[in-house]
Amino acid sequence: MSPAPVYVYGVVDAGVAAPDSCGIAAQPLRSVAADGIAAIVSDVPGSEPPLARAALTAHSEVLEAVLATATILPMRFGVIMDGDAAVRTQLLEPHRDELRAQLDRLDGRVELTLRATYEEAPLLREIMASEPRIRAVHAASSGSYIEQLRLGEMIAEAVEARRRLDTDRILSVLAPLAEDYQLAEPRHERMALSASFLIPRSDIAAFDAAVDDVGRSQGDRMRLRYTGPLPPHSFVNLENAS
Amino acid sequence: MSPMTLHREAGAGYVQRGGAGLYEIVDVLLDKGLVIDVFVRVALVGIELLTIDARIVIASVDTYLRFAEAVNRLDLLQESSDENLPELMSDMTEGGSENKTKGVLEGAKESLFGSGDDDDKDKDSEDEGSGGSASSRRSSSSSRGSGSSSRSSGATSRSSSSSGSRSRSGSRSSSSRGRANS
């Protein structure tokens, strides 16, 4: 009989207790410790991995509950291991040094994410006003598929040029205030920026103010979505992970 | 969500503060964080497929046509009378940002979470920037039990509503709010 599987939420210092609450599938949280570090886990009932939406919510809530009072290295959503022994022998013990180093490096830090999305009408007006070449193509277009495609391609190129420029501008304001940052690829064609920033808790207010400044300076051409504090998802990794 | 996590939204000189919906952090939950090896990641297969599907190619025919259609709509806007302009503008901002150039990821998320859910409503209302109550947006996570398995068709089918058929009167037809998986 194989060991009962456990769901793994994240790694903490062994001195941090598991929250007195439940995780995925309403299973109580507990901690599995080895060598001064510990994983927050809960049992997985049944045979089917519980990866539905409610599980994603629960995963997030567990991480935040720990983050409220401690530093946690979050696991990516969906990691299930083959029992407590596997948590020790496959996660904690072989990766002990890098996990310890990241717990120390990320102590007292949180992740704040910022996504900037262009408002469609202001963006297109801006482009049409500043690109005579595109205006000409648009004015001459009969609306045929090929002409629409060409027009759209030119606009997409202009958007990309603005994206690069705006990314540089926004980062020039925010990056100096962060200990680290990560850029993600834009997820749709009107996304101007998608970034995660690593911020010491004591600097959150200053970073808030800087994001407000960015919002004001962009006016109505861009909408900012600013979320956090989150556990440092974007700033953890294991070297030998595939 | 715990009370400490805030979703803040800035734009047009204002900042809204409210709770972070799952929608706002699904990217980091699915894409970021520690993973240890292939063996363990087997548990992630379905989710990873979802996020890979969701990465759109920004330089694509779909994108080009959406931009071209959006510029054509812009013409309608500019040709309309001054009297109608404010109404049309707000209509375009709302309708356009919701369906016209909505990214594939949103479609995929809706598939993951089911359409018409709390988070999506949160997002829509925040997109419209109505400057509403800042503190009451957090929705109860206990009501989010809907299924997650209907993602297969969601990632690439969102463009059905982008027919450029918005009327000059600016009324928001129900079809303009079509969702990827509906």
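Please read these numbers as outputs of a predicted model, since none were measured by experiment.

So, about the side chain of Gln102 of chain A. Secondary-structure assignment places Gln102 of chain A in helix α3 (residues 96-105). Assessed through its relative accessible area of 6%, Gln102 of chain A is described here as buried.

A contiguous nonpolar surface patch, about 310 Å² in accessible area, is contributed by Tyr145 and Ile146 of chain A together with Val61 of chain B. On the secondary structure map, Ile146 of chain A appears in helix α6 (residues 145-174). For Ile146 of chain A, a relative accessible area of 60% puts it in the exposed group.

All right, on to helix α7 (residues 204-218) of chain A then. With 15 residues, α7 of chain A should reach 21 Å at 1.5 Å per residue; the first-to-last C-alpha distance of 21 Å fits that figure. Listed in full, the buried residues belonging to α7 of chain A are Ile204, Phe207, Asp208, Ala210, Val211, Asp212, Val214, Gly215 and Gln218 of chain A.

All names here are of chain A. Tallying each qualifying case throughout the model produces 18 salt bridges over all chains. The residue Arg100 makes a salt bridge to Asp13 at a minimum N-O spacing of 2.8 Å. Residue Arg100 is found in helix α3, and its partner Asp13 is found in strand β1 (residues 6-13); the two are separated by 87 residues along the sequence. Judged by its relative accessible area of 19%, Arg100 is buried. Between Glu179 and Arg109 there is a salt bridge, with the nearest N and O atoms lying 2.8 Å from each other. Highlighted residues: Glu179 in the loop between α6 and β7 (180-183) and Arg109 in strand β6 (residues 109-118), separated in sequence by 70 residues. Taking the relative accessible area as the measure of exposure, Arg109 reaches 23% and is therefore partly exposed. One network of salt bridges, in which partners are shared, links Glu126, Glu131, Arg162, Asp166, Arg169 and Arg221.

This part is about unusual backbone geometry. Residue and element names in this part refer to chain A. The omega torsion across Gly228 and Pro229 is 0°, close enough to zero to call that bond cis. Here Pro229 shows up in strand β9 (residues 222-230). Look at Ala25: it is not a glycine, yet its phi comes out positive at around 60°. Here Ala25 is to be found in the loop between β1 and β2 (30-34). On the accessibility criterion, Ala25 (42% relative accessible area) is partly exposed. We note that Ala26 has phi near 60°; this positive angle belongs to a residue other than glycine. For Ala26, the position within the fold is in the loop between β1 and β2.

Rules of the game
- Within each chain, residue numbers correspond to sequence positions counted from 1 in written order.
- Think of it this way: whatever chain is written first is A, whatever ligand is written first is 1, and the rest follow in order.
- At least 70 in pLDDT is required for a residue's local features to be given in this predicted model, at least 80 for side-chain atom pairs to be given and counted, and no such filter applies to totals for whole chains, interfaces and linings, which use all residues.
- Hydrogens and water molecules were not included; the side-chain quantities draw on all heavy atoms of the structure.
- Each helix is a run of H or I in the DSSP string that is no shorter than four residues. Each strand is a run of E no shorter than two, and both are numbered from the N terminus.
- Working definition: with a 1.4 Å probe on protein chains only, accessible area under 20% of the residue-type maximum means buried, over 50% means exposed, and in between means partly exposed.
- Residues qualify for a patch when their relative accessible area is over 30% and they have no salt bridge, like charges being joined within 9 Å and the nonpolar side chains of Val, Leu, Ile, Met, Phe, Trp and Tyr within 5 Å.
- Areas reported as accessible are Shrake-Rupley estimates using a 1.4 Å probe. Residue values count occlusion only from the protein chains shown.
- Take a side-chain nitrogen of Lys or Arg and a carboxyl oxygen of Asp or Glu: if they are within 4 Å of each other, that pair is a salt bridge.
- One less than the number of residues in a helix, times 1.5 Å, gives the span that helix is expected to have.

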